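Listed here are the chains, written in short residue letters.
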Amino acid sequence: MSSFKPLVFSGVQPTGNLHLGNYLGALRNFVALQASHDCIYCVVDMHSLTATLVHDDLVDQTRSITAAFLASGIDPKKHIVFNQSRVPQHAELAWIFNCVARIGWMNRMTQFKDKAGKDRENASLGLLAYPSLMAADILVYRATHVPVGDDQKQHLELTRDIAQKFNNDFSARIAELGYGTEMKVGEEVVNGFFPLTEPLIEGPATRVMSLRDGTKKMSKSDPSDLARINLTDDADAIARKIKKAKTDPEPLPSELQGLENRPEAQNLVGIYAALAECSREDVIAEFGGQQFSVFKPALAELAVEKLSPIAAEMRRIQADPAYIDGILRDGGERAGALAEETMKKVHEIVGLLTN
Ligand code: AQP
């Protein structure tokens, strides 16, 4: 059975400072996957227009996310790093997917419901169609694997639904043109043009929570800077934020089950495990029974040790915007060539006049 060539794609929005959640939930996995896969990593600048249309600093933010990619260890020569708006085929395929996907699918997305709030009628059409552009980002390269944090799981399921509906709706033309690749869907072997992409949601920190509220995701857009550790925070800021992190009055439990119903304690233990690259059981074995006055300084020291070199490297890279722009230009050219190949076939499959 011929099958899709394994290819990793993922993106990050330039909507603010990257934080520890983005790093542990996404970036660190991006870096690790480079050893085993061809990877395409994208700064998804067009997505950032869905929340705020007019940005004063979109260019700076785009460069800053690129610097974070490079400082974390992404290799732009062996792999591809670029910003989404350089490759117009993303938006072009998103339009076709807008015609494949159903409005009901988009209305069900929890991220849309959260971000649109009560006044949905007034949300931008772009915010509603966000998952369609995300599906296009991935499928314009026919990527097979997407490393993301847990919050993106629903959008990836929708990406599979869009791919599957496209493959079904156009199955006759795909077969006629010989553009199908065999894949297993359940027990069945089917022929499709787009792969059913697998999410890679891995590691002990797939959902890092806010330092101020253990039931809320750590997020760039949280109004309180104390809720997150930014990748650019210095050692003092990291120590201060961990010291002020909300906790309960109990010491850490001596068994993992003792973390149940203690979201803040659970979050800090998860962060420690992810940074130390050990299990949460190992953390409890070391700190079980200890007060937060002992655990928090140890966590702060570990966070500073792991994050400071990244922050220093980011500062060094950001001092040379022309270098960053050159990387994005080169990556955009290589990504554009791949995207163009897919779009030529999509035009034929859909039946648009191409010659
Ligand atoms: N708290 C988190 N824990 C683990 N992973 C996370 N990610 C985001 N927050 C956490 C993962 O980081 C990648 C990039 O995210 P994004 O910038 O594309 O979008 P987002 O999920 O909307 O990120 P934020 O920080 O929450 O931004 P705002 O506040 O603008 O909504 C994704 O893989 C994501 O899963």
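Here the structure is a predicted model, which is why all the values come from computation and not from measurement.

The rules we used
Residues numbered from 1 in each chain as written. Predicted model: local features only at pLDDT ≥ 70, side-chain atom pairs only at ≥ 80, totals over all residues. Heavy atoms only, no water. Helix = DSSP H or I, 4+ residues; strand = E, 2+ residues; numbered from the N terminus. Rg over C-alpha atoms; globule rule 2.2 N^0.38 Å. Buried < 20%, exposed > 50% of the residue type's maximum accessible area, 1.4 Å probe, protein only. Contact = heavy atoms within 4.5 Å. Areas by Shrake-Rupley, 256 points an atom, 1.4 Å probe, with all protein chains shown as cover. Lys, Arg positive; Asp, Glu negative; His and termini not counted. Charge placed at Lys NZ, Arg CZ, Asp CG, Glu CD. Expected span 1.5 Å × (residues − 1). Domains from an automatic or database assignment. Buried area = accessible area lost by both parts, 1.4 Å probe. Salt bridge = Lys/Arg side-chain N within 4 Å of Asp/Glu carboxyl O. Polar contact = N/O pair within 3.5 Å; in protein donor to acceptor, adjacent residues only side chain to side chain. Near = heavy atom within 4 Å. Nonpolar A, V, L, I, M, F, W, Y, C, P; charged D, E, K, R; others polar. Phe/Tyr/Trp six-rings, centres within 6.5 Å; stacked < 30°, edge-to-face > 60°. Pairing = 2+ DSSP bridges. Right-handed = clockwise from strand over helix to strand, strands pointing away.

### Overview of the overall build of the protein chain
And then number 1: Looking only at helices and strands, the protein chain has 13 helices and seven strands in total.
And then number 2: The C-alpha radius of gyration computed for the protein chain amounts to 21 Å, which stays within 12% of the reference 20 Å derived for 355 residues, consistent with globular compactness.
And then number 3: By its C-alpha atoms, the protein chain is 70 × 50 × 45 Å across when sized along the principal axes.
And then number 4: Looking at the 355 residues of the protein chain, the share that counts as buried comes to 49%.
And then number 5: In the protein chain, once contacts between residues fewer than 6 apart in sequence are set aside, the share between residues at least 24 apart is 75%.
And then number 6: In the structure as shown, the protein chain presents an accessible area of about 16800 Å², 49% of it carried by carbon and sulfur atoms.
And then number 7: Charge separation in the protein chain, taken as the distance between the mean sites of 39 positive and 47 negative side-chain charges, equals 2 Å.

### Points about helix α3 (residues 89–100)
And then number 1: Between the first and last C-alpha of α3 there are 16 Å, a value that for 12 residues agrees with the 16 Å anticipated at 1.5 Å per step.
And then number 2: Where α3 is buried, its residues contact β1 (7–12), β2 (38–43), β3 (80–83), α6 (125–139), α7 (153–169) and α13 (321–350).

### Looking at the domain arrangement of the protein chain
And then number 1: Its domain assignment divides the protein chain into domain 1 (7–204 + 321–350) and domain 2 (225–317).
And then number 2: Measuring from the centre of the C-alpha atoms in domain 1 to the corresponding centre in domain 2 gives 31 Å.
And then number 3: If you look at the interface, domain 1 gives 17 residues, while domain 2 gives 17 residues.
And then number 4: When the two sides are added together, the surface that domain 1 and domain 2 hide from each other amounts to roughly 1400 Å², 75% of it contributed by carbon and sulfur.
And then number 5: For the domain 1 face of the interface with domain 2, the top three residues by lost area are Leu20, Ala71 and Pro204, together amounting to 36%.
And then number 6: There are zero salt bridges connecting domain 1 and domain 2.
And then number 7: Taken together, domain 1 and domain 2 are joined by three residue pairs in polar contact (both at pLDDT 80 or more).
And then number 8: Elements with a minimum of two residues in the side of domain 1 that touches domain 2: α1 (20–33), α2 (58–72) and α13.

### Here we look at the pattern of salt bridges
And then number 1: One pass over the full model with this rule turns up 16 salt bridges.
And then number 2: For the salt bridge of Lys5 with Asp38, the shortest nitrogen-to-oxygen distance reads 2.9 Å. Here Lys5 is found in the segment before β1, whereas its partner Asp38 is found in strand β2, with 33 residues between them in sequence.
And then number 3: Given the relative accessible area of 57%, Lys5 is considered exposed.
And then number 4: Exposure remark for Asp38: the relative accessible area of 38% places this residue in the partly exposed category.
And then number 5: Taking the shortest distance from any N to any O, the salt bridge between Asp150 and Arg207 comes out at 3.3 Å. Placement of Asp150 in the loop between β4 (145–147) and α7 and of Arg207 in the loop between β7 (198–200) and α9 (235–244) is noted, with a sequence separation of 57 residues between them.

### Thoughts on the site of the ligand
And then number 1: Around the ligand, the surrounding shell holds 23 residues, and the nearest of these are Asp151, Lys217, Ser219, Lys220 and Ser221.
And then number 2: Within the contact set of the ligand, an oxygen atom lies 3.5 Å away from a side-chain nitrogen or oxygen of Thr15.
And then number 3: In the environment of the ligand, an oxygen atom lies 2.7 Å from a nitrogen or oxygen atom belonging to the side chain of His19.
And then number 4: Considered on its own, the ligand offers 640 Å² of accessible surface; in the complex 96% of this is hidden by protein.
And then number 5: For the shell around the ligand, the elements supplying multiple residues, two or more each, are β1 and α1.
And then number 6: If you tally residues by element for the shell around the ligand, the top one is α1, at four residues.
And then number 7: Of the residues in the shell around the ligand, the class split is six nonpolar, 12 polar and five charged.

### Points about the packing of aromatic side chains
And then number 1: Summed over the entire model, instances satisfying the criterion amount to 15 aromatic pairs.
And then number 2: Ring geometry for Phe97 against Phe166: centres 6.4 Å apart, planes inclined by 75 degrees, an arrangement best described as edge-to-face. Remark: Phe166 occurs in helix α7 and Phe97 occurs in helix α3; sequence separation between them is 69 residues. As far as burial versus exposure is concerned, Phe97 and Phe166 are alike and both buried.
And then number 3: With a centroid separation of 4.8 Å and an interplanar angle of 45 degrees, the aromatic rings of Phe166 and Phe170 are classed as tilted.

### What to know about the pairing of β1
Remark: a regular strand shows side chains that alternate across the two faces of the sheet.
And then number 1: Most of β1 sits out of view: five of its six residues are buried.
And then number 2: As defined by bridge partners, β1 adjoins β2 across six bridges and the pair is classed as parallel. Bridging across to β2, Leu7 finds its partner in Asp38.
And then number 3: Each parallel crossover has a hand, and for β1 linked through α1 to β2 it is right-handed.

### A short note on the pairing of strand β5 (residues 181–185)
And then number 1: Bridge count between β5 and strand β6 (residues 188–192): five bridges; the pairing is antiparallel. Its bridge partner lying in β6, Glu182 is registered against Asn191.
And then number 2: Hairpin geometry of β5 and β6 is characterised by an intervening segment of two residues between the two adjacent antiparallel strands and by a positive phi of about 65 degrees at Gly186.

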